[in-house]
Amino acid sequence: MARTIQWVQWALFGLYVVAGAGALMLATPAGLRALGLSEGIVSFLPAMILGLPWSLPTFVMNDGPVTALAVLGICYGLNVGVGLMLLRSRT
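Residues numbered from 1 in each chain as written. Predicted model: local features only at pLDDT ≥ 70, side-chain atom pairs only at ≥ 80, totals over all residues. Heavy atoms only, no water.

Q: Tell me about helix H5 (residues 65–89), residues and numbers included.
A: Helical geometry: 3.6 residues make up each α-helical turn, so side chains three or four residues apart lie on a common side. Compared with an ideal rise of 1.5 Å per residue, which puts 25 residues at 36 Å, H5 spans 36 Å between its outermost C-alpha atoms and is within 8% of the ideal. For H5, the set of buried residues is Ala68, Leu72, Cys75, Tyr76, Asn79, Val80, Gly83 and Leu87. (Helix = DSSP H or I, 4+ residues; strand = E, 2+ residues; numbered from the N terminus. Expected span 1.5 Å × (residues − 1). Buried < 20%, exposed > 50% of the residue type's maximum accessible area, 1.4 Å probe, protein only.)

Q: So what's going on with unusual backbone geometry? Which residues, and what values?
A: Omega for the bond connecting Leu52 with Pro53 falls within 30 degrees of zero, at 0°, which places this linkage in the cis form. Residue placement: Pro53 occurs in the loop between helix H3 (45–50) and helix H4 (56–60).

Q: Kindly report on the confidence of the model for the protein chain, identifying the contributing residues and their values.
A: Chain-level statistics for the protein chain give a pLDDT mean of 88 and a share of 97% at 70 or above. Looking over the protein chain, one finds the lowest element-wise mean pLDDT in helix H2 (residues 29–35), namely 85, and the highest in H5, namely 93. (pLDDT = per-residue confidence, 0-100.)

Q: Go over the environment of Gly36, please, and point to the residues and values.
A: With respect to the helices, strands and loops of the structure, Gly36 is situated in the loop between H2 and H3. Judged by relative accessible area, Gly36 falls into the exposed class, the value being 61%. Measuring from C-alpha to C-alpha, the distance between Gly36 and Trp7 comes to 32 Å, with 29 residues separating the pair along the chain.

In structure tokens:
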């Protein structure tokens, strides 16, 4: 049972990593082209949601798209680092 739960945790973490990569790709025109979407629907909202709680200031501040993308990438990286640390501490 414990091995099954550990496997599920790693699978969910992997899905979070893939979803975050997709969310960051949605925030750039080149990423939208790579995903096969039109360039007119660039959106930072999925990356903002996956970067919570670190990305809360980006909901109220507008420093431009380049700064927002950099901040959201760092926020997402922090969440991945914390999640990886928590998963590895249980093994």
